[in-house]
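As a plain string of letters, each chain reads:
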Amino acid sequence: MQKKIFLCAINNILSGNCSEDCSFCAQSARYKADIDRYKFKPIEQILKEAKIAKEHGALGYCLVTAGKGLDSNKCENIAQITKAIKKEIPNINIIACNGTATKEQLKVLKDAGVDSYNHNLESSQNYYSKICTTHTWQERYNTVVNAKEVGLKICTGGIFGMGESAKDREELIEAIASLKPDSVAINFYIPNPKLPIKSRNIEYKDALAIIEKISKLLKDSKIMVAGGREHIFKSKEQELEMFKAGCNSIVIGNYLTTKGISAKLDRDRLQELGLSIAKDCNA
């Protein structure tokens, strides 16, 4: 029986101009990174892009907004967008990724049809204060707990290769596992010349070990390799090892501010590797 791979697509529906100082994020206005910055995309455009993602096999569709967290305007917009997508596209899991959030705000999203909430811990609690000073790691952790308590599925994870130590990585993995998420987002840092973190301190073998450890700890979770995948797993052979290590989900298309692999290329590669694309989120 072929291993099924779950495909997810990201839409950066509100980009840049974030006031936070996360050293790893090009959407922070403080660092003046060369990215597109815009207010909310029109619903018609988001719906068109969602249909394209669905045609490429995406079961998960993530609506991402820049900024520290949810507010009334974002809640209203995400709710409207979710209803529009659900009305026209069957069998799609809407994932909201909108920063820190209260239970009340998350209930609004759930009532509108949002299925999952993604909020990454990003690093260990100990390391986080070295890469962000405008909010705390605990706020991030609490948001994931809030999402779980209102009945949303949760996706959480982090970014590896931001200068952290091996101990930091262990602590991050333990924190992720403590939340018992429905899915885990494993990202690898993509350096940007304008950001304070100038280089990536992780290579293929360490990345593989991280995937393997997380998949063993969270046997019932989807293990998604997202940002930075193509920078770490550069060959067909390395990608096959990534899936063997426990990855069963990938992001297709572009990320928030960086280019990804084309959806067609990913689909072709999966076929070459003898893997199949999941047709149902609950498979």
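See the structure printed just above.
This paragraph deals with the overall build of the protein chain. A count of helical and extended segments in the protein chain gives 10 helices and nine strands. Buried residues in the protein chain amount to 57% of all 283 residues. Considering only residue pairs separated by 6 or more positions, the protein chain has 74% of its internal contacts joining residues 24 or more positions apart. By element, 50% of the accessible surface of the protein chain is carried by carbon and sulfur atoms, the whole surface being about 12900 Å².

The residue Lys32 is not glycine, and still its phi comes out positive at about 55 degrees. Its location among the elements puts Lys32 in the loop between strand E1 (4-14) and helix H1 (43-55). In this structure, Lys180 is a non-glycine residue whose phi angle is positive, near 50 degrees. Looking at where Lys180 falls in the secondary structure, it is placed in the loop between helix H6 (166-178) and strand E6 (183-188).

This next bit is on the packing of aromatic side chains. On inspection of all chains with the given rule, the structure shows four aromatic pairs. Put simply, the rings of Phe160, Phe188, Tyr204 and Phe233 touch in pairs and so form one group of aromatic residues. The cationic tip of Lys222 hangs over the ring face of Phe6; the distance from NZ or CZ to the ring centre is 4.7 Å.

Moving on, we come to helix H7 (residues 204-217). For an α-helix the count is 3.6 residues per turn, leaving residues at separations of three or four pointing the same way. The end-to-end C-alpha distance of H7, which contains 14 residues, comes to 20 Å, matching closely the 20 Å that a straight helix rising 1.5 Å per residue would cover. All of the buried residues in H7 are Tyr204, Ala207, Leu208, Ile210, Ile211, Ile214 and Ser215. Angularly, the buried residues of H7 cover 155 degrees about the axis, an arc narrow enough to put them on a single face. Across H7 from its buried face, at more than 90 degrees, point the exposed residues Lys205 and Lys216. Those residues of H7 that are buried are in contact with strand E5 (153-160), H6, E6, strand E7 (222-225), helix H8 (229-232) and helix H9 (236-244).

Take the pairing of strand E2 (residues 60-65) next. Within E2, six of the six residues are buried, leaving the element largely enclosed by the surrounding structure. Burial along E2 is two-sided: Gly60, Cys62 and Val64 facing one way and Tyr61, Leu63 and Thr65 facing the other are all buried. Sheet analysis places E1 next to E2, joined by six bridges and oriented parallel. Considered in E2, the bridge of Ile10 is made with Cys62.

Look at H7 against H9: their axes get within 9 Å of each other, and the N-to-C directions meet at 25 degrees. It follows from the interaxial angle that H7 and H9 lie roughly parallel. Counting all contacts with H7, which are made through Tyr204, Leu208 and Ile211, the residues of H9 involved are Gln238, Glu241 and Met242. Classifying every residue of the contact of H7 with H9 gives four nonpolar, one polar and one charged.

A few words on the nonpolar core. Membership of the largest hydrophobic core comes to 78 residues, with the highest contact counts inside it found for Tyr61, Ile85 and Phe233. Counting residues per element, this core draws most heavily on H7, which supplies six residues. Core analysis: the second largest hydrophobic core is formed by 10 residues, Cys8, Cys62, Ile95 and Cys97 among them.

Locating Ile202 in the fold gives a position in the loop between E6 and H7. With relative accessibility at 2%, the residue Ile202 sits in the buried group. When the C-alpha atoms of Ile202 and Gly161 are compared, they prove to be 4.8 Å apart, with 41 residues separating the residues in sequence. Among all residues touching Ile202, those that are not within four sequence positions of it are Phe160, Gly161, Arg169, Phe188, Ala207, Ile210 and Ile232.

Here the focus is empty space enclosed by the protein. Inspection of every chain in the model, using the stated rule, returns one cavity of 30 Å³ or more. If you add up the space inside the largest cavity, you get close to 40 Å³. Elements with a contribution of two residues or more to the lining of the largest cavity: E5 and H6. Here the lining of the largest cavity takes three residues from H6, the largest share from any one element.

Quick look at the pairing of strand E3 (residues 93-97) now. By the criterion of burial, E3 is predominantly enclosed, with five of the five residues buried. Residues Asn93, Ile95 and Cys97 of E3 are buried on one face, and the alternating residues Ile94 and Ala96, pointing to the opposite face, are buried as well. The pairing of E2 with E3 spans five bridges and is classified as parallel. Residue pairing across strands places Val64 opposite Cys97, the latter belonging to E3. Read from E2 through helix H2 (residues 72-88) to E3, the crossover connection turns out right-handed. Alignment of E3 against strand E4 (residues 116-118), held across two bridges, turns out to be parallel. Looking at the pairing, Ala96 lines up with Tyr117 of E4.

The rules behind the values
- Residues numbered from 1 in each chain as written.
- Predicted model: local features only at pLDDT ≥ 70, side-chain atom pairs only at ≥ 80, totals over all residues.
- Heavy atoms only, no water.
- Helix = DSSP H or I, 4+ residues; strand = E, 2+ residues; numbered from the N terminus.
- Buried < 20%, exposed > 50% of the residue type's maximum accessible area, 1.4 Å probe, protein only.
- Contact = heavy atoms within 4.5 Å.
- Areas by Shrake-Rupley, 256 points an atom, 1.4 Å probe, with all protein chains shown as cover.
- Phe/Tyr/Trp six-rings, centres within 6.5 Å; stacked < 30°, edge-to-face > 60°.
- Lys NZ or Arg CZ within 6 Å of the ring centre and 35° of its normal.
- Expected span 1.5 Å × (residues − 1).
- Arc of directions from axis to C-beta.
- Pairing = 2+ DSSP bridges.
- Axes fitted to C-alpha atoms, helices over the stretch in contact; angles between N-to-C directions.
- Parallel < 35°, antiparallel > 145°, perpendicular 65-115°, else oblique.
- Nonpolar A, V, L, I, M, F, W, Y, C, P; charged D, E, K, R; others polar.
- Core = buried A, V, L, I, M, F, W, Y, C linked by side-chain atoms within 4.5 Å.
- 1 Å grid on protein atoms, 1.4 Å probe; cavity = no way out; pocket = protein on both sides within 12 Å on 5 of 7 lines; lining within 4 Å.
- Points joined across faces, edges and corners; volume = space filled by probe spheres on them.
- Right-handed = clockwise from strand over helix to strand, strands pointing away.

Honestly, it's all geometry; don't read function into it.
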